[in-house]
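Observations on the model geometry
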Amino acid sequence: MPVETANTVKISKTNAVLSFFLELAKNRVLYLMVLPAIAFFVIFAYIPLTGIYYAFTNYNYADGLFGSPFVGFRNFKYFFNGGFQSPVWLLTKNTVLYNLVFIFLGNALQCLMAILLTEISGKLFKRVSQSVLLLPYFVSYVIVGTIAYNIFNVEFGSLNTLMKSLGLDVVNVYATPHIWPGILVMFNMWKGVGYGSVIYLAAISGLDREMYEAAKIDGCNVFKEIRYITLPLLKPTFIMLVLFSLGGIMRGQFELFYQLVGRNGQLFPFTDIIDTYIYRSLTINFNIGLSTAAGLYQSVLGLGIVLAVNNIIRRINKENALF
């Protein structure tokens, strides 16, 4: 009996291998088309995973990665020592809260903007509006930082120049940390809302127009059409985009924060995120182990958040879940 079972297992394995090669030969053109994408992820996503080992070493350039002393979790201790006073608490809080605002407020404004553009009847005004909304997306963050500096500079900025002309006291924005969350959110929305609304515009253009015609026959105005037809039909798109965005909830907008805040330590309690901390650890302190430990913590926590949120969505409505 055991011999027969072993023979059966061998035959099933042989058949599985044979069927695999037959499938490969049958659809060889499709597999060849997928090959560049597989090579891309192997080279740029999987092979670099060996760099995780930096987080567990006291790296030095002379000995290299695998020759540097292994220190275990010592690089992580700096994060977690001190409870709520530790860097990890401040960095995680700022990164998550900023991204939550960026994701939910951004998607809400993008959806609103797409609906408003759809309802515009004038073709010329509609095209001009779309162009004006899309333009900030193509502006470099370096230029955004320059614009912010020219507005908020305490001596020559347009904001303080206006306040002086009105007889008001000047405000040193770069020394007032608590107002920077609003400034960062404002610039992020200004730069990304127009581009993000394109997806919602595409979703709205694919909706069945017969429903709107039937609603008009029944006496619905524009607001009722938006409330009872457009918004419910955009709900799956909204949820899907939010879930995709949550995949990067632990990845801060590094360019935005670095170009607007830079290395202004006075603003760090309200503006420091994991990405800027990793950058400073690597470029100022030259601590590769500490920066890799912070990046690994960022990735693992982000993965956990994505899995948890997707599990919640799947329990509420299985069709809207990613997997």
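For clarity, every value in this text was computed on a predicted model and none was experimentally measured.

Examining the packing of aromatic side chains
The description of an aromatic ring pair rests on the distance of the ring centres and on the angle between the ring planes. All told, the structure shown has 22 aromatic pairs when counted by the stated rule. Between F187 and W190, the aromatic rings sit 6.4 Å apart at their centres with planes inclined by 90°, giving edge-to-face as the arrangement. With F187 and W190 both in helix 8 (residues 180–205) and 3 residues apart, the pair spans about one turn of that helix. In this structure an aromatic cluster arises from ring pairing among Y149, F152, Y174, W180, F187 and W190. Between the NZ or CZ atom of R280 and the centre of the ring of F268, over which it lies, the distance is 4.2 Å.

Concerning the confidence of the model for the protein chain
Averaged over every residue, the pLDDT of the protein chain is 86; the share at 70 or more is 93%. When mean pLDDT is taken per element in the protein chain, helix 6 (residues 141–152) scores highest with 93 and helix 1 (residues 2–26) scores lowest with 69.

Details of the nonpolar core
One finds W180, L184, F187, L256 and L260 to be the most contacted residues of the largest nonpolar core, which totals 23 residues. Put simply, the parts of the chain that give this core at least two residues each are helix 4 (87–119), helix 6, helix 8 and helix 11 (254–261). Among the elements that make up this core, the one with the highest residue count is helix 8 (7 residues). Apart from the residues lying within four places of it in its own chain, the contact partners of L184 are Y98, F102, L256, F257, L260, V261 and T271. Ranked by size, the runner-up nonpolar core spans 16 residues in total, among them V88, I239, L246 and M250.

Cut-offs used in this document
- Think of each chain on its own: its residues are numbered from 1, step by step along the sequence as written.
- For this predicted model, a pLDDT threshold of at least 70 governs which residues receive local features, and a threshold of 80 or more governs which side-chain atom pairs are given and counted, while totals over whole chains, interfaces and linings are taken from all residues.
- To obtain the side-chain values, all non-hydrogen atoms of the structure were used and water was disregarded.
- Aromatic rings from Phe, Tyr and Trp, taking only the six-membered ring of Trp, are treated as a pair when their centres fall within 6.5 Å; an angle between ring planes under 30 degrees marks them as stacked, one over 60 as edge-to-face, and anything in between as tilted.
- Runs of H or I in DSSP of at least four residues are treated as helices and runs of E of at least two as strands, each being numbered from the N terminus.
- Charge-over-ring contacts are defined here by two conditions on Lys NZ or Arg CZ: a distance within 6 Å of the ring centre and an angle within 35 degrees of the ring normal.
- Residue-level confidence of the predictor is summarised by pLDDT, bounded by 0 at the bottom and 100 at the top.
- Each nonpolar core is a collection of buried residues, namely Ala, Val, Leu, Ile, Met, Phe, Trp, Tyr and Cys, held together in the definition by side-chain atoms within 4.5 Å.
- We call a residue buried when its accessible area falls under 20% of the maximum for its residue type, exposed when it is over 50%, and partly exposed in between, using a 1.4 Å probe and counting protein chains only.
- Contacts: residue pairs with any heavy atoms within 4.5 Å of one another.

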